[in-house]
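Structural features, examined
Now for the letters of each chain:
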Amino acid sequence: MSGGPDLAHRTARTRLRPWLGSAPGPVAGPATAAAGGVELGLTWHGGADLDPARPGSEPVVQALCGLMHLHGQEAGRPRRLGLEAASAAAGVLAGQGVLAAQVGRARGIPVDAVETSVLRAGTLLAGQYTAEATSPDPWGPSVKGDGGPPPFRSADGPLFEIETFDPARWLAFWRSLGADTAVLGRAWTAFQHRYLKGHCLLPAALHTAAAGTPWPRIVAAAQEHGLSLSALRGYRDVLAEPGWSPGQPRLTPLAARCGGRPVTAPRSAGAGRIGDLPLAGIRVVEATSRVQGPLAGQLLTMLGADVTWVEPPQGDASGMGSLYHRGKRRTGLDLGRPAGRDALRELIAEADVFLHNWRPGKAAEWGFAPGELARTNPRLVFGEASGWGPHLDRREVIGTEFMVQAYAGVSEGNTPRHESPATTRVLLCDMFGALVACEGVLAGLYRRELSGHGWTAESSLLTGAMALQSHVVLGRATGDEPGRSDGRPVWGAIDEPAGTADGYLMVSADDDPAYQALCEVLEVAPGRRGERDEQLTARLREAPAAQWEKLLTEAGVPAAAVCRDLSDPPRDPRLAPLFEPFAGGGQAPVAPWLFH
């Protein structure tokens, strides 16, 4: 399965159905659909300076935007993500575009059409790393060393990930497993910066210590020293708990009365102007940190909302802060003090949306539970982005990227069947968690326009993980999974990046006709799919990647030279329109939608 506009359209339909009551269907061809009077244009490469007729595929988009390079950093060569991340993200973005357009139309802003593409989605997923690679100053120390990446394997088999933000707990855990203490400081630096750098090579001593320790003892050590621990689960486990889900936010109505009488609250802006973005006039107060929440707020900014980020007293002058908070207002508040919380309540009383990703229970502890805020602002949309959402049995485990990847079975969907399941340092759960959080806010705003009262919109990294792979989990459950077996990708040699005379090429030949066309261009005797992989890969090594890309795309075979440096996409004239400068000095993805 190569994914793409078909998968993206199916994803958009699935995601829009609960909010609009109907889903977009094809009206003028495979790339155009309509929903509630809003025309949706969804293509492979829209926004880039590429021939609209150019053939596309999920792996080719991964090659172009840098995802393949990023995923392969730890291996020292580009690697394909087994999950159709760019295509699934494009479907979520398409649904968001339609929802945002509906919100705008309900508020008098004339929006008739929205466009997005799989390549726009791919550049968004890789955007944090592209921004860091193009910034004049590194966002963290250079920590790429030798050794192997997580996950770790215990003596009796289970693969696992760990999480902590406390170096003392890290040191105590590994010492209890007998790891060489001489390497632990250097290993902590690599572990700590894996969110920034997209790689985490840890000394062999850690893997040796884990491999020499039985799983029950590892669990006991994690509990003793306060680390979060999660074994890598498979799709069999996921289907049992939490079960298949499209990974959508959960919306519930906010109480709209205080003291038995309706409370007047500020309303959204009235009639809009042609050219306004769909969320123009919507006021958002955002109290978030890390990636999931700030990116969700960034997406709302890109849709035209006036977003105010609540900045902690110490500020945030980091490159990541410059990336995810660009275009937002900033207000410094110390929420640890009553005066800071009072000031936040005043901001929320005048807002349309309050978005946070505080730890579970913090909103209620501070007096920001949805019901409390509804007393003064009954039309508020309360967006809550967490790690686990309603999975209370996971509250003892930190709800972060790699804990959720391990729990949600992402390693199985991402790793081909002939390899051991492994997590990826690409922050897929954070990115999709942000997408789902943004979708929840948009759905809440749309329902508010229909109902007149506010809504809560709950989302999590776990719902993000399900949104990423819902099509894979559903296929695993029903047995309808072309290109996969038990959720695992089934690939031959030609289905992964192939070496060329000067780099790597990604080719998509998913059926016999495409495979025959590939054989013809490469002057290899024709055969059924998979029969000529050895000859084809040998032939590709005889010429540069760009030469093969040109010949194959002209023949209608999706192909692309693989990006080998994350600073390259913004410098590629074909892809440059997908990026813009930001205050950190680097290049960031532009908004993934165009509205008309």
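Keep in mind that what you see is a predicted model, and the values were worked out from it rather than measured. Sequence positions are assigned chain by chain, starting from 1 and proceeding in written order. Two thresholds apply to this predicted model, a pLDDT of at least 70 for residue-level local features and 80 or more for giving and counting side-chain atom pairs, whereas whole-chain, interface and lining totals are computed over all residues. Side-chain numbers here rest on the full set of heavy atoms in the structure, without hydrogens or water.

1. Details of the overall build of the protein
- Helix and strand definitions here come from DSSP, where helices need a minimum of 4 consecutive H or I residues and strands a minimum of 2 consecutive E residues; each element is numbered from the N-terminal end. In terms of regular secondary structure, the protein is built from 24 helices and 24 strands.
- Taking 25 Å as the expected radius of gyration for a compact globule of 596 residues, we find that the protein reaches 24 Å, a close match to that expectation.
- Remark: exposure states derive from per-residue accessible area (1.4 Å probe, protein chains only) relative to the maximum for the residue type, with buried under 20%, exposed over 50%, and partly exposed in between. Burial statistics for the protein: of 596 residues in total, 59% are counted as buried.
- It only takes one pair of heavy atoms within 4.5 Å for two residues to be counted as in contact. The contacts in the protein between residues at least 6 apart in sequence include a share of 74% that link residues at least 24 apart. C-alpha atoms define the radius of gyration in this analysis, and the globule rule sets the expected value at 2.2 Å times the number of residues to the power 0.38.

2. Description of the pairing of strand β16 (residues 455-460)
- Among the six residues of β16, five are classified as buried, and the element is accordingly described as predominantly covered.
- Only when DSSP finds a minimum of two bridges between them are two strands counted as paired. The pairing of strand β8 (residues 250-253) with β16 spans four bridges and is classified as antiparallel. Note on β16: the bridge partner recorded for T252 is T456.

3. With respect to the packing of helix α4 (residues 85-106) against helix α20 (residues 428-451)
- Axes here refer to lines fitted to C-alpha atoms; in helices the fit is confined to the stretch in contact. Angles between the N-to-C directions go from 0 to 180 degrees. The contact between α4 and α20 brings their axes to 9 Å, and the two run at 20°. By the criterion of interaxial angle, the relationship of α4 to α20 is roughly parallel. The element α4 and its partner α20 pack so that their crossing is left-handed. Counting all contacts with α4, which are made through A85, A88, A89, V92, L93, Q96, L99, A100, Q102, V103 and A106, the residues of α20 involved are L428, F432, L435, C438, E439, L442, A443, L445, Y446 and E449.
- Here the residues of the contact of α4 with α20 are counted per class, giving 17 nonpolar, two polar and two charged. An angle below 35 degrees is treated as roughly parallel, one above 145 as roughly antiparallel, one from 65 to 115 as roughly perpendicular, and anything else as oblique. Crossing handedness is defined as follows: a turn of the near helix away from the far one that is anticlockwise and smaller than a right angle gives a left-handed crossing, while the clockwise case is right-handed. Charged residues are taken to be Asp, Glu, Lys and Arg, nonpolar residues to be Ala, Val, Leu, Ile, Met, Phe, Trp, Tyr, Cys and Pro, and polar residues to be all remaining types, Gly included.

4. Some points on the pattern of salt bridges
- Salt bridge, as applied in this entry: a Lys or Arg side-chain nitrogen positioned within 4 Å of an Asp or Glu carboxyl oxygen. As enumerated under the stated definition, the model contains 33 salt bridges in all.
- The salt bridge partner of D166 is R169, with a shortest N-O separation of 3.7 Å.
- Among the ionic contacts, a cluster of salt bridges with common partners joins R283, D352, R379, R448 and E449.

5. Examining the sheet that holds strand β20 (residues 504-507)
- Pairing in this open sheet of three strands is antiparallel, and the strands run β19-β20-β21 from one edge to the other. Taken across any chain shown, the strands that pair with only one partner, and hence form the sheet edges, are β19 (498-499) and β21 (559-561).
- Here β19 pairs with β20 via two bridges, running antiparallel. Looking across to β20, one finds that G499 is bridged to Y504.

6. Focus: the pairing of strand β6 (residues 159-163)
- Counting buried positions over the five residues of β6 gives five, a clear majority of the element.
- Alternating residues of β6 divide into L159, E161 and E163 and F160 and I162, and every residue in both groups is buried.
- Relative to β6, strand β5 (residues 152-153) runs antiparallel, the two being bridged by two bridges. Across the sheet, the residue bridging to F152 is F160, located in β6.
- Here β5 folds back onto β6, and the loop between the two strands holds five residues, one of which, G157, carries a positive phi near 120°.
- Pairing of β6 with strand β7 (residues 228-231) involves four bridges; the strand directions are antiparallel. When the bridges of β7 are listed, E163 appears paired with S228.

7. Points about the state of the cysteines
- The criterion for a disulfide is a pair of cysteine sulfur atoms lying within 2.5 Å. As enumerated under the stated definition, the model contains zero disulfides in all.
- Of the cysteine sulfurs around C563, a residue in no disulfide, the closest is that of C65, at 8.0 Å.

8. Regarding the confidence of the model for the protein
- Looking at the protein as a whole, its pLDDT mean stands at 92, while 93% of the residues score no less than 70.
- Low pLDDT (under 50) marks residues 23-31, which in the prediction has 21 contacts with non-local residues, meaning those over four places away or in another chain. Confidence of the predictor at the level of single residues is given by pLDDT, which spans 0 to 100.

9. Focus: helix α7 (residues 167-176)
- Those residues of α7 that fall on the buried side of the exposure criterion are W170, F173 and W174. Buried residues in α7, looked at end-on, bunch into an arc of 90°, giving them a common side.
- Buried residues along α7 sit against β5, β6, α8 (184-192), α10 (204-211) and α11 (215-225).
- Just beyond α7, the residue with positive phi is G178, at close to 85°. What the arc covers is the set of directions going from the helix axis to the C-beta atoms.

10. Concerning the sheet that holds β16
- Pairing is mixed across the open sheet formed by seven strands, whose spatial order is β8-β16-β15-β14-β11-β12-β13. Edge strands, defined here as strands with exactly one partner in the open sheet, are β8 and β13 (329-332). Between one strand axis and the next, the sheet turns by 20° as a mean value, whatever way the strands run.
- Its contacts with the sheet place α20 against β8, β14 (353-356), β15 (381-386) and β16, and it is angled at close to 165° to β16.

11. A short note on the environment of L594
- For L594, the location among the structural elements is in strand β24 (residues 594-595).
- On a C-alpha basis, the gap between L594 and G47 in space is 8.8 Å, while along the polypeptide they are 547 residues apart.
- Once residues lying within four places of it in the same chain are set aside, the contact partners of L594 are A113, V114, E115 and R120.

12. What about the environment of R330?
- Turning to its location among the elements, R330 is positioned in strand β13.
- Separated by 22 residues in the primary sequence, R330 and T308 place their C-alpha atoms 5.5 Å from one another.
- Apart from the residues within four sequence positions on either side, R330 is in contact with W309, E311, D316, G321, S322 and H325.
- Within the local environment of R330, its side chain forms a polar contact with the side chain of E311, the two groups lying 3.0 Å apart.
- Within the local environment of R330, its side chain forms a polar contact with the backbone oxygen of D316, the two atoms lying 3.1 Å apart. Whenever a nitrogen or oxygen atom comes within 3.5 Å of another N or O atom, the pair is scored as a polar contact, on the condition that within protein one atom can donate a hydrogen and the other can accept it, and that pairs from neighbouring residues in sequence are kept only if both atoms are in side chains.

13. A few points about unusual backbone geometry
- Omega for the peptide link from P150 to P151 comes to 10°, which places this bond in the cis form.
- As for its position among the elements, P151 is in the loop between α6 (127-134) and β5.
- Here the amide bond leading from E241 into P242 is cis, since omega sits at 15°, within 30 degrees of zero.
- In this fold, P242 is placed in the loop between α12 (235-240) and β8.
- Even without a glycine there, the phi angle at R290 is positive, about 65°.
- Inspection of the secondary structure assignment puts R290 in the loop between β11 (283-287) and α13 (292-302).
- By relative accessible area, which is 43% here, R290 ends up partly exposed.
- In this structure, D486 is a non-glycine residue whose phi angle is positive, near 55°.
- Here D486 is to be found in the loop between β17 (484-485) and β18 (488-489).
- By relative accessible area, which is 44% here, D486 ends up partly exposed.

14. Description of the packing of aromatic side chains
- Side-chain rings of Phe, Tyr and Trp (the six-membered ring for Trp) are treated as a pair once their centres are within 6.5 Å; stacked means planes under 30 degrees apart, edge-to-face means over 60, and tilted covers the remaining angles. Under the counting rule described, the total for this entry stands at 16 aromatic pairs.
- For the pair W188 and F191, a centre-to-centre distance of 6.0 Å together with 35° between the ring planes defines the contact as tilted. In this pair, W188 and F191 both sit in helix α8, three residues apart, roughly one turn of the helix. You'll find W188 and F191 in the same group, each marked buried.
- Each ring, one from F354 and one from F368, has its centre 6.3 Å from the other, and the planes form 35°; the classification is tilted.

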